[in-house]
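Structural overview
Below are the chains, spelled out letter by letter.
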Amino acid sequence: MNKLIDWKNRLKKGHMLSVICALLVIVAALGIILYQKQREYRQASENSYNMAFYELVDYVQNVETYLAKSMISSTPEHGAETLTHLWREANLAQAYLSRLPIESQELENTEKFLNQVSDYSYTLSRKNIYNEKLSQEDLKNLKDLHQYSIELENTLNQLSEDLNSGRFAWRELTKKGTIAFAQQVDNISKESFSNLEENFHEYSGLIYDGAFSEHITGSEQKGLTGEEIQEEQAKQKVEEFIGKDKIKEIANLGYSENATIPVYDFSITNHKDETIHISISKKGGHIVSMNTNREVNAEIISQEEANSKGKAFLEEKGFPDMKETYYLKQEGIVTINYAYSQNDVVMYPDLIKVKVALDNGEILGIETTGYLNNHTQRDISQVKITKEEAKKDLNQDLDVQSEGMAVIPTEWKSEILCYEFKGKVDDKEFLVYINAQNGREEDILIITNTPNGTLTM
């Protein structure tokens, strides 16, 4: 007791007690301020999530409304307008859905549904723009989509009631994730989502005439053939590709599971002490990428020689019938794009990039992602118009310099068989793609020729 009194007396003499009290007051004040700021932040987040959810509900209601209108529209002009509105509302619904802190299977399907409605409505609107009426199959698909949109709308309305009644809060979902979602929402909502999931599987089997069809939006990688391999087998593939006699040292860098194509990664040191990075796909043991770390200080070989060496390399490595398209030169290295050619039809989705050193023609790199994702034998017999018919609608000022056929990819991951016309207007070079089935102008690219390469935009 005496020691405690003595300690207090010393604090008083040195004014330390006042200092400690002041510090305690400051700490307490800071704690209160931080708590208030945290409450304000939580409330702002909650308000933001609420706004996003109610906007989602509104846009899904609009999607249902425009789907209903699209089924009874009798003229292509009005149909195009309605479908354009549908496309816009589905896109906005997706944007607000992405702001919600839910990662459940149910809302994943909702996102997929809205994405497919968006793509489908855009494509149907193009039919209407070309003064085509919707087919009976189109109308049936719209009817099925409409039915699903009603169920989605009802489910979201029930979830809205759960939110309004305080059965769950968005902040709880951000802390506990989908477990909290499953535990907190009303049983009616959970049952609604279960029914929605069941009905989605029936709906998703619809085959649409475009990229939004289930078989195209799926994760199928057509060129990625073969059985899955283990790391040691992948190492053997590396040795075969590089040449065992050229490898001084090889190191396993691990397995990249979350890559677009899951791969085993390796680092190689060759006898010149150059580093080579190479990736081998787990499925099938395909070469996905290879890159050699080497400086090139001179440009000796021509572009034509580089094209020839790249093509010969691809043939040697099991990629026949590849045609050089565009290229870019940087620091003594040319990167050439090669596309697969099937019966003289260029398959632009089946793309391989090859890096060639311009000092000695050595292959320094390869990237095959486009080829592995898309390569397959296509049915290119569905040509309904002649080349001469396709040329009729070209701009009269276009001086056509070459003609051919090509399969081009669309932004919705589908493909279109086209006539490809290369020509000039004044000093500009263009590529014009005309649909080989209906004569529509599908795309126009500007060719840019620079000292460092030929590019398109």
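Here, the structure is the one placed above.
The sections below set out a description of the structure shown in this document.

Overview of the overall build of the protein
Along the protein, the regular secondary structure elements total 13 helices and 13 strands. The burial tally for the protein puts 42% of its 457 residues in the buried class. In the protein, the share of contacts with a sequence separation of at least 24, taken over all contacts with a separation of at least 6, comes to 57%.

Considerations on the nonpolar core
One finds Ile242, Ile278, Leu314 and Ile366 to be the most contacted residues of the largest nonpolar core, which totals 53 residues. With 5 residues, the single largest contributor to this core is strand S7 (residues 345–357). Look past the residues within four positions of Ile366 in its chain and what remains in contact with it is Phe241, Ile287, Val288, Ser289, Met290, Phe313, Leu314, Phe319, Ile352, Lys353 and Val354. Listed in part, the 30 residues of the second largest apolar core include Val60, Tyr66, Leu83 and Leu124.

Section: the pairing of strand S1 (residues 247–256)
Each regular strand displays side chains that alternate between the two surfaces of the sheet. In this structure, S1 lies alongside strand S2 (residues 263–270), joined through 8 bridges in antiparallel fashion. Each bridged residue has a counterpart across the sheet, and for Glu249 the counterpart in S2 is Thr269. In sequence, S1 turns back onto S2 through a hairpin of 6 residues.

Brief notes about unusual backbone geometry
Phi is positive for Glu331, which is not a glycine, with a value near 50°. By the secondary structure assignment, Glu331 is in the loop between strand S5 (322–330) and strand S6 (333–342). Here the phi dihedral of Asn343 falls at roughly 50°; this positive angle occurs in a residue that is not glycine. Judged by its relative accessible area of 64%, Asn343 falls in the exposed class.

Looking at the pattern of salt bridges
The full count for this structure, using the stated rule, is 15 salt bridges. In this structure, Lys329 engages Glu299 in a salt bridge whose closest nitrogen and oxygen atoms are separated by 3.9 Å. Taken together, the residues Lys329 in strand S5 and Glu299 in the loop between strand S4 (287–293) and helix H11 (303–316) connect sequence positions 30 residues apart. Bridged by salt links that share partners, the residues Arg294, Asp359 and Glu362 form one connected network.

Side note on the packing of aromatic side chains
One pass over the structure, following the stated rule, counts 9 aromatic pairs. On the numbers, 6.0 Å between centres and 90° between planes, the contact of Phe241 with Phe313 is edge-to-face. Of this pair, Phe241 sits in helix H10 (residues 231–242) while Phe313 is found in helix H11, placing the two residues 72 residues apart along the sequence.

Topic: a nonpolar patch on the surface
Taken together, the side chains of Leu23, Ile26 and Leu30 define a hydrophobic patch exposed on the protein surface, amounting to about 290 Å² of accessible area. Its location among the elements puts Leu30 in helix H2 (residues 16–72).

Section: the side chain of Asp359
The topology assignment puts Asp359 in the loop between S7 and strand S8 (363–367). Here the side chain of Asp359 touches Arg294 through a polar contact of 3.0 Å, side chain to side chain. Apart from the residues within four sequence positions on either side, Asp359 is in contact with Arg294, Val296, Ala298, Ile300 and Ile301.

Examining the side chain of Ser281
Mapped onto the secondary structure, Ser281 falls in strand S3 (residues 275–281). Judged by relative accessible area, which is 0%, Ser281 ranks as buried. Within the structure, the side chain of Ser281 is placed 2.7 Å from the backbone oxygen of Lys283, a separation counted as a polar contact. Apart from residues lying up to four places away in sequence, Ser281 is in contact with Leu224, Ile229, Ile261, Pro262, Val263, His286 and Val288.

Re the pairing of strand S9 (residues 399–409)
Inspection of the sheet shows S7 paired to S9 by 3 bridges, in the parallel sense. Within S9, the residue paired with Val346 across the bridge is Ala406. Bridge analysis of S9 against strand S10 (residues 415–425) gives 10 bridges, and the strand direction is antiparallel. Each bridged residue has a counterpart across the sheet, and for Asp399 the counterpart in S10 is Lys424.

Some words on helix H3 (residues 76–97)
The end-to-end C-alpha distance of H3, which contains 22 residues, comes to 31 Å, matching closely the 32 Å that a straight helix rising 1.5 Å per residue would cover. Along H3, the positions that sit buried rather than exposed are Pro76, Gly79, Ala80, Thr82, Leu83, Leu86, Glu89, Ala90, Ala93, Gln94, Tyr96 and Leu97.

Considerations on helix H5 (residues 136–164)
Helical geometry note: an α-helix holds 3.6 residues per turn, so side chains three or four residues apart project in the same direction. For H5, built from 29 residues, the straight-helix expectation of 42 Å at 1.5 Å per residue is met to within 8% by its first-to-last C-alpha distance of 42 Å. Taken from the residues just after H5, Gly166 is the one with a positive phi, measuring 80°.

Details of the environment of Glu232
Within the secondary structure layout, Glu232 lies in helix H10. Along the primary structure Glu232 and Asn252 are separated by 20 residues, whereas in three dimensions their C-alpha atoms are 9.4 Å apart.

A word on the environment of Thr275
Position of Thr275 relative to the elements: it lies in strand S3. Sequence-wise, Thr275 and Arg294 are 19 residues apart; in three dimensions their C-alpha atoms are separated by 7.9 Å. Among residues more than four places away in sequence, those in contact with Thr275 are Ser267, Ile268, Asn291, Thr292 and Asn293.

Points about the environment of Ala234
Its place among the elements puts Ala234 in helix H10. Under the relative-accessibility criterion, Ala234 is labelled buried at 0%. It is 6.1 Å that separates the C-alpha atoms of Ala234 and Ile280, two residues lying 46 residues apart in sequence. In this structure Ala234 touches Ile229, Tyr264, Phe266 and Ile280, once residues within four positions along its chain are discounted.

Here is what the cut-offs are and how they apply
- Residues numbered from 1 in each chain as written.
- Predicted model: local features only at pLDDT ≥ 70, side-chain atom pairs only at ≥ 80, totals over all residues.
- Heavy atoms only, no water.
- Helix = DSSP H or I, 4+ residues; strand = E, 2+ residues; numbered from the N terminus.
- Buried < 20%, exposed > 50% of the residue type's maximum accessible area, 1.4 Å probe, protein only.
- Contact = heavy atoms within 4.5 Å.
- Core = buried A, V, L, I, M, F, W, Y, C linked by side-chain atoms within 4.5 Å.
- Pairing = 2+ DSSP bridges.
- Salt bridge = Lys/Arg side-chain N within 4 Å of Asp/Glu carboxyl O.
- Phe/Tyr/Trp six-rings, centres within 6.5 Å; stacked < 30°, edge-to-face > 60°.
- Patch = residues over 30% accessible without salt bridge, like charges linked within 9 Å, V, L, I, M, F, W, Y side chains within 5 Å.
- Areas by Shrake-Rupley, 256 points an atom, 1.4 Å probe, with all protein chains shown as cover.
- Polar contact = N/O pair within 3.5 Å; in protein donor to acceptor, adjacent residues only side chain to side chain.
- Expected span 1.5 Å × (residues − 1).

Function cannot be read off these values alone, since they describe shape.
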